[in-house]
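Per-entry structural report
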Amino acid sequence: MTTRSGGDRGSTARLKRLAATAAAELVEPGMVVGLGSGSTAELVIHELAARVRAGTVLTGVSTSRRSERLARRLGIPLLAPEEAPSIDLAIDGADEVERGTLHLLKGRGGALVREKLVAALARRLVIVVDVSKLVDRLGERTPVPVEVVPFAWIEPARELERLGGKPVLRHTALGQPYRTDNGNLILDVDFGPLDQPEALAREIKLITGVVDHGLFLGLTDTVIVGEPDGVRVLRREQPRAAR
Ligand SMILES: O=C(CO)[C@H](O)[C@H](O)COP(=O)(O)O
């Protein structure tokens, strides 16, 4: 189902803000909210913090050390995932959203494992993106991030090549291997546009040394898309995939 509402034209930052504001409106007093990672999810955290300052009671569960630091600094009470009785709603960004299925590619920010765990625990997953993130097929523009343990990472890299990918070890701006919050490495694997993301996701998970990958399939309930004319809301029509 698709609905539209009005708004201003503008830059990517403005489109992200439109989506973030609309997503924050879904949060009701007393909810436990999964706090995503990345620039769009951080806008949501700012919106929620404003609500907390205005007296709304809510609790966050963060998906990265960075979102945890931001939420703490802004005064949002936090729980660890295992301390939360349940997570009512998780709100997160994405690098690509497949139009037909609402499957996602995530992890440019390196938080994919924690993001996927919080999404899996949440009753609903709401994704906030600007319109540039919508694609016909996952992998069109973005490689698939794969988190691997640091020891002998070359072995999962070779297996990913055998699956048809081109893995590149992610580095920081200073040229050091990038480390996730879990102390692991990331291989960004270019498979090109994906015809069968489910099959690829299964194959990647079977590789020894792989912790997880950035394919989020069947997890999304709602995508809020910031567009020049306002927000568009895409809702999943199939029941959530069994996990
Ligand atoms: O998956 C992510 C981090 O691991 C982010 O949600 C994703 O990279 C989108 O980020 P942004 O909102 O900055 O474009």
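A brief structural summary.

Reading the values: rules and limits
Residues numbered from 1 in each chain as written. Predicted model: local features only at pLDDT ≥ 70, side-chain atom pairs only at ≥ 80, totals over all residues. Heavy atoms only, no water. Core = buried A, V, L, I, M, F, W, Y, C linked by side-chain atoms within 4.5 Å. Buried < 20%, exposed > 50% of the residue type's maximum accessible area, 1.4 Å probe, protein only. Helix = DSSP H or I, 4+ residues; strand = E, 2+ residues; numbered from the N terminus. Contact = heavy atoms within 4.5 Å. Pairing = 2+ DSSP bridges. Right-handed = clockwise from strand over helix to strand, strands pointing away.

1. Let's talk about the nonpolar core
Counting 27 residues, the largest nonpolar core has Val 27, Leu 48, Ile 76, Ile 91 and Ile 224 as the members making the most contacts within it. Only helix 1 (12-24), strand 2 (32-35), helix 2 (39-53), helix 3 (65-74), strand 4 (89-92) and strand 7 (125-130) provide two or more residues apiece to this core. The residues contacting Val 27, other than those within four sequence positions of it, are Val 33, Leu 48, Arg 51, Leu 58, Leu 89 and Ile 91. Val 61, Val 97, Val 223 and Leu 234 belong to the second-largest nonpolar core, a separate cluster that totals 24 residues.

2. Considering the sheet that holds strand 13 (residues 215-216)
Here we have 4 strands laid out as an open sheet, ordered 8-5-6-13, and mixed in their pairing. Edge positions in the open sheet fall to strand 8 (134-135) and strand 13, since each of these has one partner strand only.

3. Structural notes on the pairing of strand 3 (residues 59-62)
Sheet faces and side chains relate simply in a regular strand, where the side chains alternate between the two faces. Neither face of strand 3 is left uncovered, since the one carrying Thr 59 and Val 61 and the one carrying Gly 60 and Ser 62 both have all their residues buried. Bridge count between strand 2 and strand 3: 4 bridges; the pairing is parallel. In the sheet register, Leu 35 faces strand 3, and the bridge partner there is Ser 62. In terms of handedness, the path from strand 2 via helix 2 over to strand 3 forms a crossover that is right-handed.

4. Some points on unusual backbone geometry
We note that Leu 102 has phi near 65°; this positive angle belongs to a residue other than glycine. Mapping Leu 102 onto the fold places it in the loop between strand 5 (96-98) and strand 6 (104-105). Residue Leu 102 is classed as buried on the basis of its relative accessible area, which comes to 4%. The phi dihedral of Ala 152 is positive, around 55°, even though this residue is not glycine. Within the secondary structure, Ala 152 is located in the loop between strand 9 (144-148) and helix 5 (154-162). Accessibility expressed as a relative area gives 41% for Ala 152, which makes it partly exposed.

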